[in-house]
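# Secondary and tertiary structure notes
Residue strings, one per chain:
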Amino acid sequence: MTGNGSPTDELDEMFARLARGERNAIGRSFELIHPLVRRFCRRLLGNAEDADDATQQALERVFERVSTYDPSRRALPWVMAIAAWEVKTIRRRSTRNRQRQASESGEELAGNLPDPESLAMQRQLLEVIEELTLALPEGERETMKHLLERELGAELADGSDATFRKRKERLLTKVRTVLRNLGHVK
Amino acid sequence: MSNRVTLLERNAQRAYERGRLKWAAMGAMLLLTASVLGLLVAGRSPAFYAVAAVLAAFGGAYAWRGGDAGNALLPGLIAGLVPMVLSAGLLDCRVECSGLCMHHCMTVCGIGAAIGGVAAAVLMRQHPRRHRAWLFAVALIPAVGLLGCPHVGYGQLAGLLIGLAAARAILGVIPSRRSSS
């Protein structure tokens, strides 16, 4: 596969080379995905420290798994799905820490009330998808939005958390509505 | 900031190598399991298990290294099936293999390896560095081929190596004829 100049095509090509064991593609791949992953994590987590942790974890996970990357798939949604997983892990850790601190200080827990971070995350995810696809040519943009919506939606879903699943459904509905209003889907 | 980025990139490189090692170990285990199962079914002697271990080690190293070696792994294994199937089908040595039997074994292994070597060249013909990739592929042929032999012996091994040399000679002649015409 040869790139036609688009950064996502170049990323696809770099990842295909890494999957084949061409180590000289590591540097360029890192240059391409590091800013995207960092921005993604910062937007979703807000807290710079957590975002840096998530970025580091996500980048390590991406490069560790890239040998199993299937070159017939687009690389960007694959990378962002891994980053979304790391964001979710960091969020869980933060929630657990907060719960522990709250129980130690004897405060009542919020119970089933939605986590403010989750709500903020849902709002921001829409903006992030928009931002990630901004630099793409018009034809590719629509496809990439669908791919990101599918991959990130799946990764952010938590099978053990019914509330979060419902929130994810609402988020996907919102994404579809936005895309429909923009004329990307019928 | 740039120090942090450098550190992140170094960690990414380490993670990549870790991933390749896991990937290679998985491939090697798969190869070893398949070989050992085949040898158990065929009831072969312990020496064959050492050959299977060598083959798995080569397979793992190729998968880890990637590039030309990684591309040559599958063609090498496929090409190695030729002498393996020929040996398993045509050789029927009893306890001892010497004299005429050894000569027969060498011939069968040699022919099998030569066909395998040419097959590897055909499989690698589209590769941008096909000569290098071919060498990687044919390095696997003796190990795969030996698994089909009734005994692991110098005769069989010599036959395989002679066959590969013959394949190299055949392949060396073909391009020069093409360029002269």
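Residues numbered from 1 in each chain as written. Chains lettered and ligands numbered in written order. Predicted model: local features only at pLDDT ≥ 70, side-chain atom pairs only at ≥ 80, totals over all residues. Heavy atoms only, no water.

### Section: the overall build of chain A
Put simply, the rule reads: Secondary structure elements follow DSSP: runs of H or I of four or more residues count as helices, runs of E of two or more count as strands, with numbering from the N terminus. We call two residues contacting when some pair of their heavy atoms lies within 4.5 Å. Surface exposure here means Shrake-Rupley accessible area, sampled with a 1.4 Å probe, where a residue is shielded only by the protein chains that are shown.
Within chain A, the secondary structure is distributed over 7 helices and 0 strands. What you see in chain A, going N to C, is helices and strands ordered as α-α-α-α-α-α-α. By sequence separation, contacts in chain A at least 24 residues apart represent 65% of the contacts at least 6 residues apart. Of the accessible surface of chain A, which amounts to about 9500 Å², a share of 49% is contributed by carbon and sulfur atoms.

### Topic: the environment of alanine 42 of chain B
Our working rule: Relative accessibility thresholds used throughout: buried, under 20% of the residue-type maximum; exposed, over 50%; partly exposed, between the two (1.4 Å probe, protein chains only).
Topologically, alanine 42 of chain B is positioned in helix α1 (residues 2-42). For alanine 42 of chain B, a relative accessible area of 44% gives the class partly exposed.

### Overview of the state of the cysteines
All names here are of chain B. In plain terms, the rule: Two cysteine sulfurs form what is called a disulfide whenever their separation falls within 2.5 Å.
Enumeration according to the criterion identifies 0 disulfides over all chains in this entry. Free of any disulfide, cysteine 109 has its nearest neighbouring cysteine sulfur in cysteine 149, separated by 3.6 Å. Take cysteine 109: its relative accessible area is 0%, and that puts it in the buried class.

### A look at the packing of aromatic side chains
All names here are of chain A. The condition that has to hold: Pairing of aromatic rings covers Phe, Tyr and Trp, the last counted by its six-membered ring, and requires centre-to-centre distances within 6.5 Å; plane angles under 30 degrees mean stacked, over 60 mean edge-to-face, and any other angle means tilted.
The tally for this structure, following the rule as stated, stands at 6 aromatic pairs over all chains. Seen from their ring centres, phenylalanine 15 and tyrosine 69 are 5.7 Å apart, and the 85° between their planes marks the pair as edge-to-face. Note that phenylalanine 15 is positioned in helix α1 (residues 7-19) and tyrosine 69 in the loop between α3 (48-65) and α4 (75-104), a separation of 54 residues in sequence. Note on phenylalanine 15: relative accessible area 0%, which makes it buried.

### Structural notes on the confidence of the model for chain B
All names here are of chain B. Rules: Think of pLDDT as the predictor's per-residue confidence, scored from 0 to 100.
Confidence in the prediction for chain B averages 85 pLDDT; 91% of positions are at 70 or higher. Per-element mean pLDDT across chain B ranges from 69 in helix α7 (residues 154-180) up to 94 in helix α2 (residues 46-65). Within the model, pLDDT remains below 50 along residues 176-181, and this stretch shows 0 contacts once partners closer than five positions in the same chain are excluded. On the interface metric, ipTM, the complex scores 0.71, and its pTM is 0.69.

### Considering the interface of chain B and chain A
For the record, the criterion: Joining two parts hides part of their accessible area as seen by a 1.4 Å probe, and the buried area is that hidden amount summed over both. The salt bridge criterion pairs a side-chain nitrogen of Lys or Arg with a carboxyl oxygen of Asp or Glu, the two atoms within 4 Å. We define a polar contact as two N or O atoms separated by no more than 3.5 Å, with the added condition that, inside protein, one atom must be a possible hydrogen donor and the other a possible acceptor, whereas residues neighbouring each other in sequence contribute only through side-chain atom pairs. Each residue is assigned to one class: nonpolar for Ala, Val, Leu, Ile, Met, Phe, Trp, Tyr, Cys and Pro, charged for Asp, Glu, Lys and Arg, and polar for all the others, Gly among them.
Listed as interface residues are 21 residues of chain B and, on the opposing side, 20 residues of chain A. Buried area between chain B and chain A, both sides added, is near 1900 Å², and the carbon and sulfur share of it is 55%. Sorting the residues of chain B by area buried against chain A places Arg4, Leu8 and Tyr16 of chain B first, and these three jointly supply 31% of that buried surface. Connecting chain B to chain A are 4 salt bridges. Residue glutamate 64 of chain A pairs with lysine 22 of chain B through a salt bridge whose shortest N-O separation is 2.4 Å. Along the contact surface separating chain B from chain A lie 10 residue pairs in polar contact (both at pLDDT 80 or more). Sorting the residues of the side of chain B that touches chain A by element identifies α1, α2 and α3 (67-90) of chain B as the ones contributing at least two each. When residues of the side of chain B that touches chain A are assigned to their parent elements, the largest contribution, 15 residues, is made by α1 of chain B. Among the residues making up the side of chain B that touches chain A, the classes are represented as 8 nonpolar, 6 polar and 7 charged.

### A short note on the nonpolar core
Here is the rule we go by: As used here, the term nonpolar core means buried Ala, Val, Leu, Ile, Met, Phe, Trp, Tyr and Cys residues forming a set that is joined through side-chain atoms within 4.5 Å.
The biggest cluster of nonpolar side chains holds 46 residues, and the ones touching the most others in it are Phe15, Ile33, Val37, Phe40 and Phe63 of chain A. Every element with two or more residues in this core is listed here: α1, α2 (26-45), α3, α4, α5 (116-132) and α6 (138-156) of chain A together with α1 of chain B.

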